[in-house]
Amino acid sequence: MSVAHSLASGMGGIRTAGDLVARMEIARGMKINEAKEYVAKKLEVSVVDLSDPVVMNELRRDLDIGSAYVLPGVAQGIDAKFRIAELLDIEINSVKKFEERIGRKLK
Amino acid sequence: MGKIRTRLGDGSVIELSESELRSDLESGTQEAAERGKIPPLSQDELRYLAELFKRPDRTVGVDVGKEVVLSYDCGPLKIKRSYGTASKFQSLQILERLFGADTLEMAHVDYSYKPARQLLWMDQPIMEQALLVTIPAMFYGAMPNLGLYTQPDGPCTNPMELLPQGKIAEARASFEEMVEHAVNDMVLVASTMYEAGADGINFDTTGAAGDGDFLAALRATEVLRQKYPDICIEMGMAGEFVFGMHGALTYDGVRLAGLYPHEQLKLAEKAGVSIFGPAVNTNTDSSCPRDVARSSTFIKACVKNSNILIHGNVGMGVGGMPMQDVLPVDSVTRASKAMVEITGLDGL
C-alpha cells in the first residue's frame, strides 16, 4: 500500500525532494504548495523538478544532502541533515541535539 | 460503453454500468453532505471521479507537479507484521531508501503509548541512533488506546462491565481516570522522543476508544505545545465520527461525542496540532467509487476550513480504500489520486 501511494501521489522522499518539502511542512507549518515553492526557490529549480528523480539525484549529489543511490564518501544521515538545515534555513531537532552532544556548534 | 470494473468496499470485484457509477458517486457525496452538514462535491468533481473510475488502467497517478508529502503510521511495524526480518533501523532505511518515504516514523510493535512508556529505555537509544543514519524527518508514533487502561491489564475498572450494571456515574468516572493515565503516558513518551531528537510525534488512531480517547490526545497535545513550541504534532483519527463511550466529555466547551472530521479539526487546531489526519470510514457494502466520493466530501470540508496541515488517512478501510489486509493497486491509486486532486490536501 505504501508503495502504491508513493507511486500514485507521493513526492518520492530522498529519491527526489520529498523529504525537503516535508521538512518545510513540519518546520514551518507551510501548506503543500507554499512548501514546494520555498524548496524550489532554495534549490533554484522548478516545482515540477522537485519530484523528478533524475534532476534531483544529480542536484542532491552536488549539494551532498544524501540520495537513494549511495556512493562512497557521500552524506547518508546526520551529515546530510546538517546541510539540509543550512540549505533550507530551518532548525532540525536531531542536528541541534547532535551539536549539544558534542558540545559545540558546527556552523 | 461496457461495464466498468471496480470493487466493493470489501475489496471484491464488481461491475457497474455508467449510470450506476454516476448514481453511486452522487449518493456518496450526498450522504457525507447530509451527515456532516457540509457542501457536496460539485458536478465537475463528480464528472472527474466518473472519468477516473471509467479508466481501464490498472494504476493511475496524480498529474506531474501535484504530488504531496506522505506521512506514515506504524513505520517499522509494516515490515515487522509481515514477519520481515529487519530491525527497526533496517525497516526505517528500507522505507527511506526503497519506498521513497517523505517522512519516517519510529514505533514499537504494540503501537500504543501505555506499553511504549515501559519500553522507553530501549526505544530512546534506537531513536537516537536511527536519527544519525536517516535523512527524512522522523516521527515517533503510537495510539492513545484507552482500552489498555482497564483491569486486569490496567488500573481502571472496565466501564463496559459497569454500564450493563446500570452504574453510569461509575463508568464515566472510570473513563475520566483512564484519560488522565493516557495523557501522562503520551506526554512522557512524546517528551522523551522529542528530547532524543525526533522531529515530531504522531497520535495515531485517535478516538478509537471513543470521546475519552480523543480528549486524551487533545490534552496531551496542549501540554506538549506549551512545553515544546516547535514540536510537530500529527493527530490521525480512527474514524469519521467520535463515539460517545462516555457521552458527556467536552473540550473547550464542545461536546466530543458525535463530532465529524471538520469539527474534530477545529478542536485539534485549538489544542495545538500541526498536522490533522481525518479518517472517513469505508462502507464495505458500497462500491469504491461511492466510498471515494463520500470520503472526498468530508476531507474537502476539512481542507477548506483548516489553518493547519491536512494529511488524509487513506489506508485499509478508510479514505475510500477497501477494508482488506492486502490492497489492490487499482483501488489504492484511484483513492490516492482522487483524494489529492479533489480535496487539495497537504499530504496523505
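Conventions used here
- Residues numbered from 1 in each chain as written.
- Chains lettered and ligands numbered in written order.
- Predicted model: local features only at pLDDT ≥ 70, side-chain atom pairs only at ≥ 80, totals over all residues.
- Heavy atoms only, no water.
- Contact = heavy atoms within 4.5 Å.
- Buried area = accessible area lost by both parts, 1.4 Å probe.
- Salt bridge = Lys/Arg side-chain N within 4 Å of Asp/Glu carboxyl O.
- Buried < 20%, exposed > 50% of the residue type's maximum accessible area, 1.4 Å probe, protein only.
- Domains from an automatic or database assignment.
- Helix = DSSP H or I, 4+ residues; strand = E, 2+ residues; numbered from the N terminus.
- Arc of directions from axis to C-beta.
- 1 Å grid on protein atoms, 1.4 Å probe; cavity = no way out; pocket = protein on both sides within 12 Å on 5 of 7 lines; lining within 4 Å.
- Points joined across faces, edges and corners; volume = space filled by probe spheres on them.
- Nonpolar A, V, L, I, M, F, W, Y, C, P; charged D, E, K, R; others polar.
- Pairing = 2+ DSSP bridges.
- Axes fitted to C-alpha atoms, helices over the stretch in contact; angles between N-to-C directions.
- Parallel < 35°, antiparallel > 145°, perpendicular 65-115°, else oblique.
- Left-handed = near helix turned anticlockwise from the far one by under 90°.

1. Topic: the interface of chain B and chain A
With 53 residues of chain B in contact, the opposing surface of chain A contributes 47 residues. With both sides pooled, the region where chain B packs onto chain A buries about 3,800 Å², and carbon together with sulfur makes up 59% of that total. By the criterion of area lost to chain A, the three top residues of chain B are Glu-67, Arg-97 and Ile-135 of chain B, representing 19% of everything that side buries. Counting across the interface, chain B meets chain A through three salt bridges.

2. Topic: the pattern of salt bridges
Residues and elements named next belong to chain B. Under the definition given, this model contains 29 salt bridges over all chains. Arg-97 is the salt-bridge partner of Glu-96, the closest N and O atoms lying 2.9 Å from each other. For the pair shown, Glu-96 and Arg-97 are each scored as buried. Within the structure, one salt-bridge network assembled from shared partners comprises Glu-31, Arg-35, Glu-240, Arg-290 and Arg-294.

3. Section: the domain arrangement of chain B
Residues and elements named next belong to chain B. Under the domain assignment used here, chain B contains domain 1 (1-56 + 279-348) and domain 2 (69-277). Centre-to-centre separation of domain 1 and domain 2, based on C-alpha positions: 26 Å. The interface of domain 1 with domain 2 comprises 23 residues on the first partner and 21 residues on the second. Carbon and sulfur atoms make up 54% of the area that domain 1 and domain 2 hide from each other, which totals about 1,900 Å².

4. Things to note about the environment of Val-54 of chain A
Residues and elements named next belong to chain A. Mapped onto the secondary structure, Val-54 falls in helix α4 (residues 53-63). Residue Val-54 is classed as exposed on the basis of its relative accessible area of 63%. Each C-alpha atom of the pair Val-54 and Ile-26 lies 25 Å from the other, and the pair is 28 residues apart in sequence.

5. Digging into α4 of chain A
Residues and elements named next belong to chain A. Those residues of α4 that sit buried are Met-56, Leu-59 and Arg-60. When α4 is viewed along its axis, its buried side chains cluster within an angular range of 105° and face the same direction. Along α4, the residues that are exposed and aim more than 90 degrees away from the buried face are Val-54, Glu-58 and Asp-62. For α4, the secondary structure elements touched by its buried residues are α2 (18-28), α3 (32-43) and α5 (78-88). Positive phi appears at Asp-64, one or two residues downstream of α4, with a value of about 55°.

6. With respect to empty space enclosed by the protein
Rolling a probe over the atoms, with the probe sized like a water molecule, indicates the empty space that remains. Applying the stated criterion across every chain yields a total of two cavities of 30 Å³ or more. One number sums up the size of the largest cavity: a volume of about 70 Å³. Every residue lining the largest cavity is listed: Ile-78, Ser-94, Lys-97, Phe-98 and Arg-101 of chain A together with Glu-128, Leu-131, Leu-132 and Ala-196 of chain B. Every element with two or more residues in the lining of the largest cavity is listed here: α6 (93-102) of chain A together with α6 (120-133) of chain B. Class assignment of the residues belonging to the lining of the largest cavity gives a composition of five nonpolar, one polar and three charged. Its volume calculated, the second largest cavity comes out at about 40 Å³. In terms of lining residues, the second largest cavity is bounded by Arg-60, Arg-61, Asp-64, Ile-65, Gly-66, Ser-67, Tyr-69, Leu-71 and Val-74 of chain A. Considering only residue class, the lining of the second largest cavity consists of four nonpolar, two polar and three charged.

7. Quick word on the sheet that holds strand β10 (residues 309-310) of chain B
Residue and element names in this part refer to chain B. Spatial strand order, β3-β4-β5-β6-β9-β10: six strands in an open sheet with parallel pairing. What marks the edges here is a single partner per strand, and that holds for β3 (103-106) and β10. Both strand β9 (residues 275-277) and β10 contribute to a ladder of two bridges, which runs parallel. Residue pairing across strands places Ile-275 opposite Leu-309, the latter belonging to β10. Its contacts with the sheet place α6 against β3 and β4 (137-142), and it is angled at close to 160° to β4.

8. Quick word on the layout of surface pockets
One number sums up the size of the largest pocket: a volume of about 610 Å³. Lining of the largest pocket is provided by 27 residues; of these, Met-1 of chain A together with Asp-73, Lys-78, Asn-313 and Gly-315 of chain B occupy positions nearest its centre. Broken down by secondary-structure element, the contributors of at least two residues to the lining of the largest pocket are α1 (2-9) of chain A together with β5 (200-206) and β6 (232-237) of chain B. Split into classes, the residues belonging to the lining of the largest pocket amount to eleven nonpolar, eleven polar and five charged. When residues of the lining of the largest pocket are assigned to domains, at least three fall in each of domain 1 (1-56 + 279-348) and domain 2 (69-277) of chain B.

9. Section: the packing of helix α8 (residues 168-195) of chain B against helix α9 (residues 211-227) of chain B
Residue and element names in this part refer to chain B. Viewed as axis vectors pointing N to C, α8 and α9 meet at an angle of 40°, and their least axial separation amounts to 9 Å. Compared by their axis directions, α8 and α9 come out oblique. Once α8 is placed against α9, the crossing between them reads as right-handed. From α8, Val-179, Glu-180, Ala-182, Val-183, Met-186, Val-187, Ala-190 and Ser-191 reach across to α9, where they touch Gly-212, Leu-215, Ala-216, Ala-217, Arg-219, Ala-220, Val-223, Leu-224 and Lys-227.

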